[in-house]
Amino acid sequence: MKKVMLVLAALCLLGLPVTSLAGEGPMSLPAGSNADAVKHNKEGIDHWGQGHYDVALKHFQAASRADSSLAQTHFNEAISLDKLGRHGEATMHFKAAKKHAGGNKAILDSPILNGHLGH
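Read on for an overview of the structure. These figures come from a predicted structure and were not determined experimentally.

A word on the side chain of His 47
- Here His 47 shows up in helix α3 (residues 35-49).
- The exposure class of His 47 is buried, given its relative accessible area of 18%.
- Those residues in contact with His 47 that lie beyond four places of it in its chain are His 52, Val 55, Ala 56 and His 59.

Set out below in structure tokens:
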């Protein structure tokens, strides 16, 4: 009976998005960022906090369209996609976040990013 419970617990954990275990959330944009990107990013963070990951994703995507050179917008898209179970798309945005990180340790050392990228 103990083995059955352990197997069931392990299967439940495997079904969780990686962010559930990592405890990572969306990032704010750097000072001086595009105003439209900042507006959408803040909206996305608000919706993320309410558990509206699909709505948050739309705002993070709009922020990324406003300035696709920001690592944080790609990171925020990626964690939203991860929450929605869209792991392939999340991995693509984690790659973009890493590419644009410019030495940002919060991104480069992110457990969820490195989990998706296999590091």
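A look at the nonpolar core
- Phe 75, Ile 79, Phe 94, Ala 97, Ile 107, Ile 112 and Leu 113 are the most contacted members of the largest nonpolar core, which totals 18 residues.
- For this core, the elements supplying multiple residues, two or more each, are α4 (53-66), α5 (71-83), α6 (87-99) and α8 (111-117).
- It is α5 that provides the largest number of residues to this core, a total of 5 residues.

Focus: the pattern of salt bridges
- One pass over the full model with this rule turns up 2 salt bridges.
- Ionic pairing is found between Lys 39 and Asp 36, a salt bridge with its closest N-O pair at 4.0 Å. Placement of the pair is Lys 39 and Asp 36 together in helix α3, with a separation of 3 residues, close to one helical turn.
- Among the salt bridges present, the one from Arg 86 reaches Glu 89, with a minimum N-O distance of 2.8 Å.
- A relative accessible area of 34% means that Glu 89 is categorised as partly exposed.

Some remarks on the environment of Asp 67
- Tracing the sequence through the fold places Asp 67 in the loop between α4 and α5.
- It is 6.7 Å that separates the C-alpha atoms of Asp 67 and Asn 34, two residues lying 33 residues apart in sequence.
- Contact partners of Asp 67, with chain neighbours within four places excluded, come to Asn 34, Ala 37 and Thr 73.
- A distance of 2.5 Å separates the side chain of Asp 67 from the side chain of Ser 69, its partner in a polar contact.

Parameters at a glance
Residues numbered from 1 in each chain as written. Predicted model: local features only at pLDDT ≥ 70, side-chain atom pairs only at ≥ 80, totals over all residues. Heavy atoms only, no water. Helix = DSSP H or I, 4+ residues; strand = E, 2+ residues; numbered from the N terminus. Buried < 20%, exposed > 50% of the residue type's maximum accessible area, 1.4 Å probe, protein only. Contact = heavy atoms within 4.5 Å. Core = buried A, V, L, I, M, F, W, Y, C linked by side-chain atoms within 4.5 Å. Salt bridge = Lys/Arg side-chain N within 4 Å of Asp/Glu carboxyl O. Polar contact = N/O pair within 3.5 Å; in protein donor to acceptor, adjacent residues only side chain to side chain.

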